[in-house]
Amino acid sequence: QVQLVESGGGLVQPGGSLRLSCAASRRIFGLSAMKWFRQAPGKERELVASITNGGKTMYIASVKGRFTISRDNDKNTLYLQMNNLKPEDTAVYYCNAYAAQYATNYWGSGTLVTVSS
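For the structure given in this document, a descriptive report is provided here. (Residues numbered from 1 in each chain as written. Predicted model: local features only at pLDDT ≥ 70, side-chain atom pairs only at ≥ 80, totals over all residues. Heavy atoms only, no water.)

So, the packing of aromatic side chains
Right, on to step 1. Using the criterion set out here, one finds one aromatic pair in the structure.
Right, on to step 2. Over the aromatic face of Trp 107 sits the side chain of Arg 45, whose NZ or CZ is 4.9 Å from the ring centroid. (Phe/Tyr/Trp six-rings, centres within 6.5 Å; stacked < 30°, edge-to-face > 60°. Lys NZ or Arg CZ within 6 Å of the ring centre and 35° of its normal.)

Here it is, written out as structure tokens:
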């Protein structure tokens, strides 16, 4: 079994920054990509950013230029650097690992980010 644990969430003021981490309990065979999702109160979960096994990154338009996704393969850890945070970024952020070769998704339990004055 693979466990994913997010950390780094908290309460920040608009314009502030946070760095989220996602630690996997072990290396995942067949890993194709790792992703960050978020779910705001009363809304559906949405994809925020992804990074493929080859290092290609993708961001949704609302966070492009403000968020940076990265990884440390030796530590089995995924990161999301969030700058210039806005109130609309408030959500529970979830880490996802996708092993396309085995059609398998792994999920963390989430970490809460609140952006408010």
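Text resumes after the structure shown.
Some details on the state of the cysteines
Right, on to step 1. Tallied over the full model, the rule gives one disulfide.
Right, on to step 2. With its sulfur 2.0 Å from that of its partner, Cys 22 forms a disulfide with Cys 95. Here Cys 22 and Cys 95 share a disulfide; its torsion about the S-S bond, -75°, makes the bridge left-handed. Note that Cys 22 is positioned in strand S3 (residues 18-24) and Cys 95 in strand S9 (residues 91-99), a separation of 73 residues in sequence. With respect to burial, Cys 22 and Cys 95 carry one shared label: buried. (Disulfide = S-S within 2.5 Å. Helix = DSSP H or I, 4+ residues; strand = E, 2+ residues; numbered from the N terminus. Buried < 20%, exposed > 50% of the residue type's maximum accessible area, 1.4 Å probe, protein only.)

Looking at the sheet that holds S3
Right, on to step 1. Spatially, S1-S3-S8-S7 is the arrangement adopted by the four strands of the open sheet, whose pairing is antiparallel. The sheet is open, and its two borders are formed by strand S1 (4-7) and strand S7 (67-72), each paired with just one other strand. Direction aside, neighbouring strands of the sheet carry axes that sit 15° apart on average.
Right, on to step 2. Where S1 meets S3, four bridges bridge the pair, whose relative direction is antiparallel. Residue pairing for S3: Leu 4 is matched across the bridge by Ala 24. (Pairing = 2+ DSSP bridges. Axes fitted to C-alpha atoms, helices over the stretch in contact; angles between N-to-C directions.)

Let's talk about the nonpolar core
Right, on to step 1. Within the largest apolar cluster, 30 residues are counted, with the highest numbers of intra-cluster contacts made by Trp 36, Phe 67, Ile 69, Leu 78, Leu 80, Met 82 and Tyr 93.
Right, on to step 2. Put simply, the parts of the chain that give this core at least two residues each are S3, strand S4 (33-39), strand S5 (46-52), S7, strand S8 (77-82), S9 and strand S11 (111-115).
Right, on to step 3. Looking at which element gives the most residues to this core, the answer is S9, with five residues. (Core = buried A, V, L, I, M, F, W, Y, C linked by side-chain atoms within 4.5 Å.)

Focus on the layout of surface pockets
In this approach the atoms are scanned with a rolling probe the size of a water molecule, which exposes any empty space left behind.
Right, on to step 1. A volume near 240 Å³ is recorded for the largest pocket.
Right, on to step 2. Around the largest pocket, the lining comprises 16 residues; the ones closest to its centre are Arg 27, Ile 28, Leu 31, Asn 73 and Asn 76.
Right, on to step 3. At the level of elements, S4, S5 and S7 are the ones that each hand at least two residues to the lining of the largest pocket.
Right, on to step 4. The residue makeup of the lining of the largest pocket, split by class, is six nonpolar, six polar and four charged. (1 Å grid on protein atoms, 1.4 Å probe; cavity = no way out; pocket = protein on both sides within 12 Å on 5 of 7 lines; lining within 4 Å. Points joined across faces, edges and corners; volume = space filled by probe spheres on them. Nonpolar A, V, L, I, M, F, W, Y, C, P; charged D, E, K, R; others polar.)

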